[in-house]
Structure formats: C-alpha cells, structure tokens
Amino acid sequence: MNPAEDGAKRVVHGQLVKILTHRLDRRGMVLEPYASRCVRRGEVHELVTTDHTDTAAGARVDRVGFLGFVELACAGVLDRGDTVLVAGRPIGTVLGFDGCHFPNHYNILIRTPRPVTGPELSLTPETEIRFEAGTPPR
C-alpha cells in the first residue's frame, strides 16, 4: 500500500452472526500478499485475533483466538492497519488476511496484545463491528 495513493474511505460495519470460543497455538494461517481487500454488503467473514506482528506475504500465523463471524452491512475496503471496534471500543488493528476458506470467507486477522476469543470480550450475536481507517504497520 502506498500512503501517497490513499484517500479517505467509509467505515465498514456489520453485526456478529456467530460467536466463536476457541484458541489455537499452531493454527498455521498464512498471510495473503494483499494489504487490502474489497468487501461487499452481506458478505460474512471470520474475525481472528493474534499477537503476531509480521506482515510479510506468506508469514505463518499460529497463535490465534477466534471471535466469530461478522455479516457486513455495507461494501467497502478493509486495509492493513484499520482499527477494529467492537460495540464502540477498539480491540486491535487489521494485521492482514488469510484466504484458506476463500471464496466462502476470509479470515480477517486482528492484531491484539494477546489472542482473545468471543466470550473473553463478552461478544453476543448482533454486536456491532466497525473497521475504521488507521495507519498501516510497516
């Protein structure tokens, strides 16, 4: 992503449709080589937290906590570095995307201090999720 090419963008938002409760230390997700992904209204994607920091294409992501699945209420662009808010409170930033289940859905990887699960954040179905423009990690 070239900061000189980036302009303002809309907030992408949606609601959780399913809460996930598990955590893994050897998941083996692989970061896609893309710093951004376009998403459509009505798509459902999986939210995964990690303390992983490497953003290189192909980087392996093992330590993960699963939050749940979000249905997007509007189309937009998700960028590495976007702030992820749950019920209005920031929980982390978009690290990148894992496409192991695509085209069914993306795993949206969210950098957090430690991997957390849906119940650890007291998530329930219909909880609002927002992706707001942030500063991409280097």
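All of the points below concern the structure found in this document.

It is worth spelling out unusual backbone geometry at this point. The omega torsion across Phe-102 and Pro-103 is 15°, close enough to zero to call that bond cis. Mapped onto the elements of the fold, Pro-103 is located in the loop between strand S10 (89-98) and strand S11 (107-111). The residue Ala-87 is not glycine, and still its phi comes out positive at about 50°. Within the secondary structure, Ala-87 sits in the loop between strand S9 (83-86) and S10. Relative accessible area serves as the criterion here: at 51%, Ala-87 is assigned to the exposed category. Unlike most non-glycine residues, Ser-122 shows phi in positive territory, near 55°. Ser-122 sits in the exposed class, given a relative accessible area of 60%.

Our next topic: the side chain of Thr-117. Within the secondary structure, Thr-117 is located in the loop between S11 and strand S12 (128-132). Every residue in contact with Thr-117, bar those within four places of it in the chain, is listed here: Leu-20, Thr-21, His-22, Arg-23, Gly-65, Phe-66 and Leu-67.

Another point: the packing of aromatic side chains. Under the definition given, this model contains two aromatic pairs. Their ring planes at 25° and their centres at 4.5 Å tell us that Phe-102 and Tyr-106 sit as a pair that is stacked. Pairwise contacts between aromatic rings join Phe-97, Phe-102 and Tyr-106 into one cluster.

Here is what the cut-offs are and how they apply
Residues numbered from 1 in each chain as written. Predicted model: local features only at pLDDT ≥ 70, side-chain atom pairs only at ≥ 80, totals over all residues. Heavy atoms only, no water. Helix = DSSP H or I, 4+ residues; strand = E, 2+ residues; numbered from the N terminus. Buried < 20%, exposed > 50% of the residue type's maximum accessible area, 1.4 Å probe, protein only. Contact = heavy atoms within 4.5 Å. Phe/Tyr/Trp six-rings, centres within 6.5 Å; stacked < 30°, edge-to-face > 60°.

All quantities given are derived from atomic positions and should not be read as evidence of function.
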